[in-house]
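Chains, contacts and geometry: an overview
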Amino acid sequence: MAQGSSDMETADQEESSPNMIVYRKIEDIITRMQDDKTGGVPIRTVKSFLSKIPSVVTGVDIVQWLMKNLNVDDLAEAIHLGSLIAAQGYIFPISDHVLTLKDDGTFYRFQAPYFWPSNCWEPENTDYAIYLCKRTMQNKARLELADYEAENLARLQRAFARKWEFIFMQAEAQVKIDRKKDKTERKILDSQERAFWDVHRPVPGCVNTTEMDIRKCRRMKNPQRVKKSVYGVTEDSQSQSPVHMPSQPVRKTTKEDVRKQITFLNVQIDRHCLKMSKVAESLITYSVQYIEYDPFITPAEPSNPWTSDDTTFWDLEMRFWLAVQDLKKQPLLDVATRVEDIWQEFLAPGAQSAINLDSHSYEITSQNVKDPGRYTYEDAQEHIYKLMKSDSYARFLRSNAYQDLLLAKKKPENEQGRRTSLEKFTRSMGKSLAGKRLTGLMQSS
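The structure displayed is predicted, hence computed values, not measured ones.

Here the focus is a nonpolar patch on the surface. The grouping of Leu 274, Met 276 and Val 279 at the surface amounts to a nonpolar patch, some 330 Å² of accessible area in total. With respect to the helices, strands and loops of the structure, Val 279 is situated in helix α11 (residues 276-290). A relative accessible area of 38% places Val 279 in the partly exposed class.

Moving on to the sheet that holds strand β1 (residues 44-47). Strand order in this open sheet of 4 strands is β1-β2-β4-β3, and the pairing throughout is antiparallel. The open sheet is flanked by β1 and β3 (91-93), the only strands paired with a single partner. Between one strand and the next, the sheet's axes are offset by a mean angle of 60°, whatever the strand orientation. Here β1 pairs with strand β2 (residues 52-58) via 3 bridges, running antiparallel. Across the sheet, the residue bridging to Val 46 is Ile 53, located in β2.

A few words on the pattern of salt bridges. According to the stated counting rule, one finds 11 salt bridges in the structure shown. Among the ionic pairs, Asp 61 bridges to Arg 44, the shortest N-O distance being 3.5 Å. Linking Asp 61 in helix α3 (residues 59-69) with Arg 44 in strand β1, this pair joins segments that are 17 residues apart in sequence. Across the salt bridge formed by Lys 134 and Asp 178, the nearest N and O atoms sit 3.5 Å from each other. Of this pair, Lys 134 sits in helix α5 (residues 125-137) while Asp 178 sits in helix α7 (residues 164-179), placing them 44 residues apart in sequence. One network of salt bridges, in which partners are shared, links Lys 134, Asp 178, Lys 181 and Glu 193.

To continue, consider the pairing of β2. For β2, the tally of buried residues reaches 5 of 7 residues, placing the bulk of the element in the interior. Hairpin connection from β1 to β2: 4 residues lie between these consecutive antiparallel strands. The pairing of β2 with strand β4 (residues 107-110) spans 2 bridges and is antiparallel. Note on β4: the bridge partner recorded for Thr 58 is Phe 107.

Okay, the packing of aromatic side chains next. Counted by the stated rule, this structure contains 11 aromatic pairs. Centroid distance Tyr 114 to Phe 115: 5.0 Å. Interplanar angle 75°. Geometry classified as edge-to-face. You can call Tyr 114 buried: its relative accessible area is 17%. Between Phe 196 and Trp 197, the aromatic rings sit 5.2 Å apart at their centres with planes inclined by 80°, giving edge-to-face as the arrangement. One exposure class covers both Phe 196 and Trp 197, and it is buried. When the ring centre of Tyr 128 is taken as origin, the NZ or CZ atom of Arg 201, which lies over that ring, is 5.5 Å away.

Bridge analysis of β3 against β4 gives 3 bridges, and the strand direction is antiparallel. What sits directly across from Ile 91, in β4, is Phe 110.

A separate point is helix α8 (residues 183-200). Owing to its 3.6 residues per turn, the α-helix brings residues three or four apart onto one side. Counted at 1.5 Å a residue, the expected span for α8 with its 18 residues is 26 Å, and the 26 Å between its end C-alpha atoms agrees. Summarising burial for α8: 14 of the 18 residues are buried, a large majority. Two or three places before Thr 184, at the opening of α8, Asp 182 has a side-chain oxygen 3.1 Å from that residue's backbone nitrogen.

Closest axis-to-axis distance for the α5/α7 pair is 8 Å, and the angle between their directions is 60°. Taken together, the axes of α5 and α7 are oblique relative to one another. The crossing of α5 and α7 is right-handed. Here α5 contributes Ala 129, Ile 130, Cys 133, Lys 134 and Met 137 to the contact with α7, which in turn contributes Trp 164, Ile 167, Phe 168, Gln 170, Ala 171, Glu 172, Gln 174, Val 175, Asp 178 and Arg 179.

On to helix α4 (residues 75-87). With 13 residues, α4 should cover 18 Å at 1.5 Å per step; its first-to-last C-alpha distance of 18 Å lies within 8% of that length. Ala 78, Gly 82, Ser 83, Ile 85 and Ala 86 are the residues of α4 that are buried. Take α4 and look down its axis: the buried residues cluster within an arc of 160°, on one side only. Where the residues of α4 are buried, they touch α2 (20-33), α3 and β3. For α4, the side-chain oxygen to backbone nitrogen distance between the N-cap and Ala 76 is 3.3 Å, and the N-cap itself is Asp 74. Directly after α4, the chain includes Gly 89, whose backbone phi takes a positive value near 95°.

It should be kept in mind that the predicted coordinates are not to be read in detail where pLDDT is low. Overall, the predicted model of the protein chain reaches an average pLDDT of 76, with 72% of residues at or above 70. Ranking the helices and strands of the protein chain by mean pLDDT puts β4 first, with 92, and helix α1 (residues 2-14) last, with 49. With pLDDT under 50 throughout, residues 235-248 is counted as low confidence; its partners more than four residues away or in other chains account for 30 contacts. Every residue in residues 302-314 scores below 50 in pLDDT, and together they form 17 contacts with partners more than four places removed in sequence or on other chains.

This next bit is on unusual backbone geometry. Within the chain, Ser 55 stands out as a residue other than glycine whose phi angle is a positive 55°. Within the fold, Ser 55 resides in strand β2. Among the residues examined, Ser 55 registers a relative accessible area of 30% and is labelled partly exposed. Residue Asn 71 is not a glycine yet carries a positive backbone phi of 55°.

About the criteria used
- Residues numbered from 1 in each chain as written.
- Predicted model: local features only at pLDDT ≥ 70, side-chain atom pairs only at ≥ 80, totals over all residues.
- Heavy atoms only, no water.
- Patch = residues over 30% accessible without salt bridge, like charges linked within 9 Å, V, L, I, M, F, W, Y side chains within 5 Å.
- Areas by Shrake-Rupley, 256 points an atom, 1.4 Å probe, with all protein chains shown as cover.
- Salt bridge = Lys/Arg side-chain N within 4 Å of Asp/Glu carboxyl O.
- Helix = DSSP H or I, 4+ residues; strand = E, 2+ residues; numbered from the N terminus.
- Buried < 20%, exposed > 50% of the residue type's maximum accessible area, 1.4 Å probe, protein only.
- Pairing = 2+ DSSP bridges.
- Axes fitted to C-alpha atoms, helices over the stretch in contact; angles between N-to-C directions.
- Phe/Tyr/Trp six-rings, centres within 6.5 Å; stacked < 30°, edge-to-face > 60°.
- Lys NZ or Arg CZ within 6 Å of the ring centre and 35° of its normal.
- Expected span 1.5 Å × (residues − 1).
- Polar contact = N/O pair within 3.5 Å; in protein donor to acceptor, adjacent residues only side chain to side chain.
- Parallel < 35°, antiparallel > 145°, perpendicular 65-115°, else oblique.
- Left-handed = near helix turned anticlockwise from the far one by under 90°.
- Contact = heavy atoms within 4.5 Å.
- Arc of directions from axis to C-beta.
- pLDDT = per-residue confidence, 0-100.

Encoded structure:
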C-alpha cells in the first residue's frame, strides 16, 4: 500500500511541469525513431578522411521517417515538425550550434535521455562555467569555443572571481573522468553535452525554448522539483559528482524549518505599516531634495558629446562601432543584408563614410564578408575601438573647445557681470589718460 502511494506521488511529480505533455509526445516519437524492430531511422557510423563519425543519422532520413510514420504529406510541415523537436534538444546537428532540421545530408545525433528536458533541468551558471572550462582544456578542433562562448566564459570568470579556482578544479576532475572512457563514447558524450548547453544557453539570436510562460508557471504543482545542477555542483556546495549521475532528491521539510517559517511570518506581521499617502509624501520630499544630483533627471555638466544627438559631435568610427554591435543582435535572416549595408557605408571603395582601418584588419574583414555572419567585422571593430580609446576621445578631451566649454560651464552665471575694484580702477584710469592725451593733441594742432 505504501509502495503504491509512493508510485502515485512520483507519477504526479513527473507530470507537474506544464510542458510535460509535449515532452512525453516528443519522447514517444524519438523512441520510435530509435527502434530498429519497428522500422526506425537507420543509425550508422560514417567513415571520414582520418576518423569515424559514430551513431549519426542524416536530415533526409529523419524527414522521410516523419512523413511516412506520422502521416505528414507536406515536406515543409515535416521539416517544421523536426525543427521543433530539435529546438527542444532531442535531436541535434553534430557540427552546428543552431538547433534546426535540414532536409539534406547534414549529420544529426539523438540526445541521451539524461539530458531530456522532461527531467526539469534548470542549470546554474557555475555548471556552465565548468563546461566552458572543460572545452578549453581539450585540444580538439571540434571543441573550440565559439565567439559568444568565449565572451560568456570571460563574463563568468569576472562574476565568479572568488571561486574560480574551485570551478577550474571541478573542470579538471571532469576531464580526467572523461579521458578514462572509450574514445567513441567520449566523442558522443561531448556532442550531447554541447547540445544540452545549446538548448539552455543558446546562440545569440536563437529562441530559448527553456523559458516558460508565467501563466504556465503558476499551474506548476511542484515548482521546487527542478534540477539546479548538471554536475552536482551548487553555489554553496563543493561536491565532486560524476558527469552523468542523477542529482540528490529534494530534502523533506523538518520541524526546525517550520519553526523558522513561523518566526519569519510573525516578524512580518509585527512590522510597522505606513499609509500610502505618507509613503508618497516622503518619496516626493526626497525626490525634490536630491533632484539636482540625479543624473537621470539633471544632465551631467558639461554634457557628454559622445552620447549627444548633435550630429556635429558624432564621429564615423563611433557610428561604425555601434553598427557592428547592432549586427550581433540581428536575426539570422537579416545578417547577410546588414553585413553588406555596413560594408557599403564604411569600408567599400568610395564609401561615403569611410573609416580609418589598417591594411591587415581590412584584408581580414574583406575575407570575412564573403561568408557573412554576426562576427564578420570583429577584427575591424576591435581596431576601431583601440583607435578611439587611444586617440579620438583623448584628443577631444585635450582640445581647446572642450576646455573652454568646461570652464564656461563651471563658472557661475551670477559672477559673469561682476568686475573687481582693480578692473574698475584700471578702466577709469585708462579712460582719463586717453582723454588728457586727446586734449593735448588737439591744443598742439
